[in-house]
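# Residue-level structure breakdown
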Amino acid sequence: MATKKSVSSLKEGDLKGKRVFIRVDLNVPLDDSFKITDDTRIRAAVPTIKYLMSNGARVVLSSHLGRPKGVTPKYSLKPLVPRLSELLGVEVKMAGDCVGPEVEKMVAEIPNGGVLLLENVRFYPEEEKNDPEFAKKLASLGDLYVNDAFGTAHRAHASTEGVAKHLKPAVAGYLMQKELDYLVGAVSNPKKPFAAIVGGSKVSSKIGVIESLLEKVNILVLGGGMIFTFYKAQGHKVGSSLVEEDKLNLATSLLEKAKSKGVSLLLPTDVVVADKFAADANSKILFRGHWLEFCKGMIFLIVVPANSIPDGWMGLDIGPDSIKSFSETLDTTKTVIWNGPMGVFEFEKFAAGTEAIAKKLAELSGKGVTTIIGGGDSVAAVEKVGLADKMSHISTGGGASLELLEGKTLPGVLALNDA
Ligand SMILES: Nc1ncnc2c1ncn2[C@@H]1O[C@H](COP(=O)(O)OP(=O)(O)O)[C@@H](O)[C@H]1O
Ligand SMILES: O=C(OP(=O)(O)O)[C@H](O)COP(=O)(O)O
């Protein structure tokens with residue numbers, strides 16, 4: 001991929017008084033009371049915004065949050081305004097929409113060095129369809145375009161790709177550049193053995209990536225919500241765990257492909273199951289053929305030999321046997337890329353697998369292994385245990401970093417002007 005023009009090539013003369021439409025990825029995790037639980041992506045967006053502000057630009061910030069279907073108040077970007085204002089040192093104004101006359105009026109009122117945050121761009125289905133008319137409407141809010149949303153660069157959406165066709169120049173922000181510089185270097189010629197750990201809940205978008213990963217890695221470790229599609233494909237009972245029914249054949253062929261390529265593909269041998277998706281769910285572990293039940297912090301052994309998840313129960317974390325075997329395998333690696341938590345780490349009961357893998361990777365970093373963590377929730381999990389600064393690279397993009405690793409060109413990058 002050709003080197004792309006950078007925001008650093010734009011000077012005060014290019015920026016002063018200009019409306020800069022900047023796409024950032026502020027898709028941060030929020031708790032039930034809309035408190036930001038990890039602000040990594042907001043902090044990562046700050047250098048480019050500050051650069052534009054200090055050169056007198058009028059900054060129009062655009063982002064998505066979550067995957068809303070139409071206007072959904074729970075996915076409003078409003079809760080982010082105080083933290084964004086604090087980090088930027090200005091009062092960030094917020095528009096109630098991302099296109100339309102009201103927004104146009106607010107954009108016209110942005111002073112030099114001021115910032116306006118647009119409402120969630122995914123409130124419009126046209127965004128994900130990369131609708132040309134919608135892209136044009138977004139483009140009408142800026143004189144030039146900066147894309148700093150590395151985490152969304154693998155999506156060809158109106159605000160990440162379509163809009164670049166209408167604004168000149170269309171350049172990469174500092175975060176985008178930093179991510180590409182590090183990741184392209186690290187994954188084009190990785191030190192081997194090279195392992196990928198893939199978990200999380202975006203099964204349908206990430207299971208496809210596994211096929212290409214099998215061409216690149218020596219070891220593939222699967223955890224999180226990813227595993228049950230594989231279990232089910234092998235004929236195991238998965239209870240009410242997360243499963244992508246239409247990916248069962250793909251899962252079978254991936255297992256076969258791993259075998260034929262000589263890639264060691266590790267699935268968890270034990271899982272923590274819960275009777276509902278909740279912090280206070282009843283839970284137990286299928287451990288070496290026995291169910292271990294949690295009870296007020298203690299574990300009781302219930303001698304019920306079993307080798308499958310019973311109906312009405314769902315797998316929400318990997319178990320102790322898996323942690324041990326994953327850790328032993330990771331000890332043999334020289335490069336590890338990790339995307340997707342091993343379990344529902346947001347609930348304490350199901351955080352052990354993710355925390356153990358985070359600790360293992362931090363330990364390996366200290367021994368010279370290259371460790372790359374990507375993805376909003378994976379990074380949040382590593383931050384939660386205070387180990388982010390121990391890793392070689394914390395990437396703001398999970399899917400985006402995996403697609404880069406596959407050797408794909410990211411549409412959000414491709415659309416930018418060449419240097
Ligand atoms: N077994 C599981 N079942 C359902 N959800 C899971 C499971 N394991 C992990 N998750 C969820 O996956 C989410 C993160 O997935 P994903 O978005 O793919 O990761 P990232 O944001 O790091 O790319 C977390 O919110 C976590 O609770
Ligand atoms: O969180 C994101 O991706 P990630 O979970 O792969 O890191 C990005 O904001 C992209 O979101 P999307 O996967 O809903 O397009």
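Residues numbered from 1 in each chain as written. Chains lettered and ligands numbered in written order. Predicted model: local features only at pLDDT ≥ 70, side-chain atom pairs only at ≥ 80, totals over all residues. Heavy atoms only, no water.

Turning our attention to empty space enclosed by the protein. Considering all chains together, one arrives at one cavity of 30 Å³ or more under this definition. Reported here for the largest cavity is a volume of approximately 40 Å³. If you list the elements that add at least two residues to the lining of the largest cavity, you get helix 2 (40–54) and helix 13 (376–384). Here the residues of the lining of the largest cavity are counted per class, giving three nonpolar, six polar and two charged. (1 Å grid on protein atoms, 1.4 Å probe; cavity = no way out; pocket = protein on both sides within 12 Å on 5 of 7 lines; lining within 4 Å. Points joined across faces, edges and corners; volume = space filled by probe spheres on them. Helix = DSSP H or I, 4+ residues; strand = E, 2+ residues; numbered from the N terminus. Nonpolar A, V, L, I, M, F, W, Y, C, P; charged D, E, K, R; others polar.)

Turning next to the sheet that holds strand 17 (residues 393–395). Read across the sheet, six strands follow the order 9-8-7-15-16-17 without closing on themselves; strand pairing throughout is parallel. At either margin of the open sheet sits one strand with a lone partner, and together these are strand 9 (264–266) and strand 17. Across the sheet, the mean angle separating the axes of adjacent strands is 15° when strand polarity is ignored. Bridge count for strand 16 (residues 370–374) against strand 17 is three bridges, and the pairing is parallel. (Pairing = 2+ DSSP bridges. Axes fitted to C-alpha atoms, helices over the stretch in contact; angles between N-to-C directions.)

Right, let's talk about the site of ligand 2 for a bit. Every one of the 16 residues lining ligand 2 counts as a neighbour, but Arg67, Arg122, Arg155, Lys202 and Gly399 are closest to it. Between Arg67 and ligand 2, the recorded distance is 2.8 Å, taken from a side-chain N or O atom to an oxygen atom. Here an oxygen atom of ligand 2 sits 2.9 Å away from a polar atom, N or O, in the main chain of Gly398. Compared with its free state, where it exposes 380 Å², ligand 2 has 96% of that area covered by protein. Split into classes, the residues belonging to the shell around ligand 2 amount to no nonpolar, nine polar and seven charged. (Near = heavy atom within 4 Å. Polar contact = N/O pair within 3.5 Å; in protein donor to acceptor, adjacent residues only side chain to side chain. Areas by Shrake-Rupley, 256 points an atom, 1.4 Å probe, with all protein chains shown as cover.)

With that settled, consider the pairing of strand 10 (residues 271–274). Side chains Val271 and Val273 of strand 10 all project onto a buried face; the interleaved residues Val272 and Ala274 project onto the opposite face, where all are buried too. Looking at chain direction, strand 10 and strand 14 (residues 314–318) are connected through four bridges and run antiparallel. If you follow Val271 over to strand 14, its bridge partner there is Ile318. (Buried < 20%, exposed > 50% of the residue type's maximum accessible area, 1.4 Å probe, protein only.)

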